[in-house]
Amino acid sequence: MPLPFLTADRAFDATDDDVALPFDDHDQWRRPYRPGPWRVGAAALALLLASFVLFAAVIIVAAGATSGAVVTFALAALIIVAALRMLRVGTWVSRHGVRKVGFLSTTTVAWARVTQVRTAQQPVRWLGLPRTVQGQALLLGRQGGEQIALLTDHNADFLSRIEAFDRAADTVEAWNAEYGVVPAPAR
């Protein structure tokens, strides 16, 4: 029995789960890679915790303590919002520029303000924690000399997925080559 909703973005019997998603409309913000298993797993655990908190809130309501239930429902809503935001974290591209979405902040750079996009070997944070390890980072150079690390091979999307990191870095570099400003030749 085929399930047509399973084949919305790829073939049902596709064996390679790391295939990049197709880009239909270049005006919409798209992530040029799939979220990694660490990010999806952490969000799933947070949603599981939220379900237990919601169940506890229902029990508190049944017990008659409405003020405690309101606080518990608010806590569950906060956990759900955090899990959804965790899934949005990453690098997004469109015809307008590149956007780095963090958990608490978002930085958008128009392609006209990008001076370079390159991959470099440097110390990177492991899963976003303070510990650093030697790894690769996709760096975006902005006008004014500031550099932003868009992707690293040790973040929650690419830990133990080197090929996926390389493919995502190449895709962002291709977006820059297509929509970025071509530097003037040196004389």
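Look above for the structure.
Residues numbered from 1 in each chain as written. Predicted model: local features only at pLDDT ≥ 70, side-chain atom pairs only at ≥ 80, totals over all residues. Heavy atoms only, no water.

Chemist: Quick question: what am I supposed to make of the side chain of H154 here?
Modeler: Within the secondary structure, H154 sits in the loop between β6 (147-152) and α3 (162-179). For H154, a relative accessible area of 17% gives the class buried. At 2.7 Å, the side chain of H154 forms a polar contact with the side chain of D153. Setting aside residues no more than four positions away along its own chain, H154 makes contact with V124, R125, W126, L127, V133, Q134, G135 and L159. (Helix = DSSP H or I, 4+ residues; strand = E, 2+ residues; numbered from the N terminus. Buried < 20%, exposed > 50% of the residue type's maximum accessible area, 1.4 Å probe, protein only. Polar contact = N/O pair within 3.5 Å; in protein donor to acceptor, adjacent residues only side chain to side chain. Contact = heavy atoms within 4.5 Å.)

Chemist: Which parts of the structure should I look at to understand the packing of aromatic side chains?
Modeler: Given two aromatic rings, their pairing is described by the distance between the two centres and the angle made by the two planes. Scanning the model with the defined rule gives three aromatic pairs in all. Look at Y33 and F158: their rings are 4.8 Å apart centre to centre, the planes differ by 55 degrees, and that puts the pair in the tilted class. Taken together, the residues Y33 in the segment before α1 (37-63) and F158 in the loop between β6 and α3 connect sequence positions 125 residues apart. Each member of the pair Y33 and F158 is classed as buried. A ring pair is formed by W175 and Y179, whose centres lie 5.5 Å apart and whose planes are at 40 degrees; its orientation type is tilted. Of the two residues, W175 and Y179 both sit in helix α3, four residues apart, roughly one turn of that helix. Counting every residue linked through ring pairs, the aromatic cluster contains Y33, F158 and F165. (Phe/Tyr/Trp six-rings, centres within 6.5 Å; stacked < 30°, edge-to-face > 60°.)

Chemist: Explanation requested: the sheet that holds strand β5 (residues 132-142) in the structure shown.
Modeler: Strand pairing in a sheet relies on backbone hydrogen bonds, with the paired strands running either antiparallel or parallel. Read from one edge of the open sheet, three strands run β4-β5-β6, paired in antiparallel fashion. The sheet is open, and its two edges are formed by β4 (114-125) and β6, each paired on a single side. Here the strands of the sheet are splayed against their neighbours by 35 degrees on average, with no regard to which way each runs. As paired strands, β4 and β5 are joined by 11 bridges and run antiparallel to one another. What sits directly across from R118, in β5, is L139. Against the sheet, α3 engages β4, β5 and β6, with an angle of about 160 degrees to β4. (Pairing = 2+ DSSP bridges. Axes fitted to C-alpha atoms, helices over the stretch in contact; angles between N-to-C directions.)

Chemist: Can you walk me through the side chain of D157 in this structure?
Modeler: Counting through the fold element by element, D157 comes out in the loop between β6 and α3. Discounting residues that sit within four places of it in the chain, D157 has contacts with R31, Y33, P35, G36, R39 and V89.

Chemist: Can you walk me through the environment of L138 in this structure?
Modeler: Summarising the element assignment, L138 is placed in strand β5. Along the chain, L138 and D170 lie 32 residues apart, while their C-alpha atoms are 9.4 Å from each other. Leave out the neighbours within four places in its chain, and L138 touches V117, R118, T119, I148, A149, L150, L151, F165, A169, V172 and E173.

Spatial relationships are all this shows, so hold off on functional conclusions.
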